[in-house]
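Residues per chain, in single letters:
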Amino acid sequence: MNQVRYQLSLLDPVSHYYQVRIEFTPWSSAPIELQLPAWIPGSYMIRDFARNVQRFQATDSQGALTWQQLDKQQWQVNHQGLPVRIEYLVYAFDLSVRANYFNDEVAVINPAACCLEVIGAAQLELELIAPSAYPDWRVATGLSRDANTAFASFGLYHAEHYQYLIDCPLLCGNLCIESFMLDAVPHHVVVVGAYQPDMTRFSQELQRICAAQRDVFGELPVDLSEYWFLTWAVDKGYGGLEHRNSTLLLCNRFDLPNPQAPGQQTDDYITLLGLCSHEYFHTWWVKRARPKALLHYQLNAEQYTDQLWLYEGFTSYFDDYALVKTGLITIEKYLQLLSETISRVTRASSQMHQSLAASSHNAWTMYYKQDENAQNAVVNYYAKGSLVALCLDAQLQQQGLSLTGFMQACWQAYGRTELGSDWDTLAAILLKYSQNPALVQELWHWVYQSGSLPLEHAIQTLGLSLCWRAAINQQDVSGNKTFVVEPRAFGAWYEFKTDGMAVSAVAEQSPAKQAGIMAGDLIIAVDGLRMTEQNWREVNLRKARDATIELHLFRQQRLLTVTLQPAPAASTVAILTADPAQAPSLQRWLGIGA
Ligand SMILES: [Zn+2]
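Notes on the structure in this doc start here. What you see is a predicted model; the values in this text were computed from it and never measured.

What to know about the sheet that holds strand β1 (residues 4–12)
Strands pair in a sheet through their backbones, by hydrogen bonds, and they do so in one of two ways: parallel or antiparallel.
Okay, so step 1: Strand order in the open sheet formed by eight strands is β5-β4-β8-β2-β1-β12-β15-β14, with mixed pairing between adjacent strands. With partners counted over all chains shown, the strands left at the sheet margins are β5 (63–64) and β14 (144–145), one partner each.
Okay, so step 2: Note: β1 against strand β12 (residues 124–129), six bridges, orientation parallel. Bridged to V4 within β12 is L124.

Here it is in structure tokens:
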């Protein structure tokens, strides 16, 4: 077999270096080719991990071998048939779930970002060397443990092929670990960096979520022999990345439950549970059921799919849905989260210009590289995709079916067999399941054309009522509010700094745009008063409805004056409530009483 052994040492936490050594006996006389991915599956952006590879060298027993770097991420090594050793350092200081990070508290290892692929290799071994400075550190990973490596220990791990190796991040540090079984499959809940987390509660609540997601598909994937929640808590961070039998999560130190407050359900903890729910759902929906275009990952350049609305959007629908179904959040809280999504999608004019399919296709350069014009140009396929799921669920519920039923049909048709999906696959499954050609056509319109979704109808079908109120500002997305004075529209995203209001973005059809305000402007005065949060609020409340407001601003170093024409605030904040007259519909949808 074309066996390759990686040895990874946690070399220097102060300078943040890993040392990687790759050893193998060449299986052909041709020069050896090595490469590192440019991106990691699940995160659709070119990241050029090879930029952190340093001090590359190649040797055999007779000395140094000649080599050349072919491009930004490929190397070629000449050899004499003798066992070869490649060595290099990897700089590990990226505070995200996608690469490597190493300091005196934690080591996060993504093989995709540090283990060069030896082209043609088959059986891979990864030996992780214990750091002498940290004798208490343990290791958590979905990689296969060698028979001589104890649970959660440094030592030897195995991967049958490179795609599996890079699908298994490793988390090292003073780990808290709790485990539970689901359908005889061990699930390990690992946390590092959190301050006094209630691990028992976290693990028990994750178990309920995992069971709910298993019920969506009807079974755990047959090849799932264990699952790891790798939770890395930091001072400020958020994110998750799905893997075949694990997920690496980034959260804040105090997001986990407080053992001194057993009944307390903070918003931060609900957000974390939602993230865990989301990533676990991906175990089926992305890691196994996935677009045909991504069946074979090509990691040296962008790989295009127009189905991220389906895989990220539907996952976003089922993440919070599992929280309410399991009773971890109340119906009121769930409706608040849903209304925030509806408000955000409705407010962004981008949905009138870009389809979900186009947003998916261009994720590499648009969704993942958003700038100040994103609200006007880039559709959020997570948020709007989740509302497509909601609309589809409503239509199916109306026929006595459900989105869960459709998910199971997809799982059975192409998910568990990993055959991949394209539009025709989905259309055929939906037609067979619903017997409703008009619904297939409708779904096509929601996805392949720009425009708003039939939310009012969906909401009503599900036993809810939807009303709208005026938005105080662009950040205002939920909650009941009554106004003594109706708010005025402004239409810019901003924050108050000590020297004024800093504008970060401007909606394309808004009083701010009409007044000529641009992203980057610093507004320093409102109607002759210094621009402060209070002055801005009071001027808006006290000025006659048809009176203009004068603003002074700096654009770079130029002082300008603009006039804001009044306009009533748009009603873009969605308010969702359970409709008591429709209790059976709600009961059917959520499976719980209103
Ligand atoms: Zn996701």
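There's plenty left to go through after this.
Some thoughts on the pairing of strand β10 (residues 106–109)
Okay, so step 1: Taking every second residue as pointing to the same face, both faces of β10 are buried, with V106 and V108 on one and A107 and I109 on the other.
Okay, so step 2: Pairing between strand β9 (residues 101–102) and β10: two bridges, direction antiparallel. If you follow F102 over to β10, its bridge partner there is A107.
Okay, so step 3: The turn joining β9 and β10, which pair antiparallel and follow one another in sequence, is formed by three residues.
Okay, so step 4: In this sheet, strand β16 (residues 170–173) lies alongside β10 in antiparallel orientation, the contact comprising four bridges. The partner of V108 across the bridge, within β16, is L171.

Re the coordination of the zinc ion
Okay, so step 1: The coordination sphere of the zinc ion contains the protein donors H278 (NE2), H282 (NE2) and E312 (OE), at a distance range of 2.0 to 2.1 Å.
Okay, so step 2: The sequence pattern describing where the donors of the zinc ion fall on their chain is H-x3-H-x29-E. Of the two residues, H278 and H282, both sit in the buried class.

Here's the deal with the pattern of salt bridges
Okay, so step 1: Per the stated rule, a full pass over the model turns up 23 salt bridges.
Okay, so step 2: Taking the shortest distance from any N to any O, the salt bridge between E87 and R21 comes out at 2.9 Å. Highlighted residues: E87 in strand β8 (residues 84–91) and R21 in strand β2 (residues 17–24), separated in sequence by 66 residues.
Okay, so step 3: Here D183 and R214 are joined by a salt bridge, their closest N and O atoms 2.7 Å apart. Placement of the pair is D183 in the loop between β17 (176–182) and β18 (185–192) and R214 in helix α2 (residues 199–217), with a sequence separation of 31 residues.
Okay, so step 4: With relative accessibility at 15%, the residue R214 sits in the buried group.
Okay, so step 5: One continuous salt-bridge network, built from bridges that share partners, spans D223, R244, R288, R290 and E418.

With respect to the packing of aromatic side chains
Okay, so step 1: Tallied over the full model, the rule gives 45 aromatic pairs.
Okay, so step 2: With 6.0 Å between their ring centres and 80° between their planes, Y367 and Y368 make a pair best called edge-to-face.
Okay, so step 3: On the accessibility criterion, Y367 (19% relative accessible area) is buried.
Okay, so step 4: Above the plane of the ring of Y17 lies R55, whose end atom (NZ or CZ) is 5.7 Å from the centre.

So, the environment of L453
Okay, so step 1: By the element assignment, L453 lies in the loop between α11 (437–448) and α12 (455–461).
Okay, so step 2: The spatial distance from the C-alpha of L453 to the C-alpha of R5 is 52 Å, given a sequence separation of 448 residues.
Okay, so step 3: When sequence neighbours within four positions are dropped, the list of residues in contact with L453 reads K384, L387, V388, C391 and W446.

A few points about the nonpolar core
Proteins that are soluble and globular tend to have nonpolar side chains buried together.
Okay, so step 1: Counting residues in hydrophobic clusters, the biggest one holds 175 residues, and the most contacted among them are Y6, I22, W285, F314 and W589.
Okay, so step 2: The dominant element in this core, judged by the number of residues it contributes, is helix α4 (residues 308–325), at ten residues.
Okay, so step 3: Sequence-distant contacts of W589, defined by excluding residues within four places in its chain, comprise Y317, Y321, K325, Y334, L338, L390, D393, Q397, L462 and L464.

Concerning the environment of S585
Okay, so step 1: With respect to the element layout, S585 can be found in helix α15 (residues 583–590).
Okay, so step 2: Judged by its relative accessible area of 23%, S585 falls in the partly exposed class.
Okay, so step 3: For the pair S585 and V77, spaced 508 residues apart in sequence, the C-alpha to C-alpha distance is 65 Å.

Notes on the packing of helix α8 (residues 383–398) against α11
Okay, so step 1: Packing of α8 against α11 brings their axes to within 11 Å, and their N-to-C directions diverge by 165°. With respect to each other, α8 and α11 are oriented roughly antiparallel. Note that α8 runs across α11; the crossing there is right-handed. Across the interface between the two elements, V388, C391, L392, Q395 and L396 of α8 pack against L439, E442, L443 and W446 of α11.
Okay, so step 2: Counted by class, the contact of α8 with α11 contains seven nonpolar, one polar and one charged residues.

Here is what the cut-offs are and how they apply
Residues numbered from 1 in each chain as written. Predicted model: local features only at pLDDT ≥ 70, side-chain atom pairs only at ≥ 80, totals over all residues. Heavy atoms only, no water. Pairing = 2+ DSSP bridges. Helix = DSSP H or I, 4+ residues; strand = E, 2+ residues; numbered from the N terminus. Buried < 20%, exposed > 50% of the residue type's maximum accessible area, 1.4 Å probe, protein only. Donors = N, O, S within 2.8 Å, 3.2 Å for Na, K, Ca; no water. Salt bridge = Lys/Arg side-chain N within 4 Å of Asp/Glu carboxyl O. Phe/Tyr/Trp six-rings, centres within 6.5 Å; stacked < 30°, edge-to-face > 60°. Lys NZ or Arg CZ within 6 Å of the ring centre and 35° of its normal. Contact = heavy atoms within 4.5 Å. Core = buried A, V, L, I, M, F, W, Y, C linked by side-chain atoms within 4.5 Å. Axes fitted to C-alpha atoms, helices over the stretch in contact; angles between N-to-C directions. Parallel < 35°, antiparallel > 145°, perpendicular 65-115°, else oblique. Left-handed = near helix turned anticlockwise from the far one by under 90°. Nonpolar A, V, L, I, M, F, W, Y, C, P; charged D, E, K, R; others polar.

It is worth stressing that arrangement in space is one thing and function is another; only the former is reported here.
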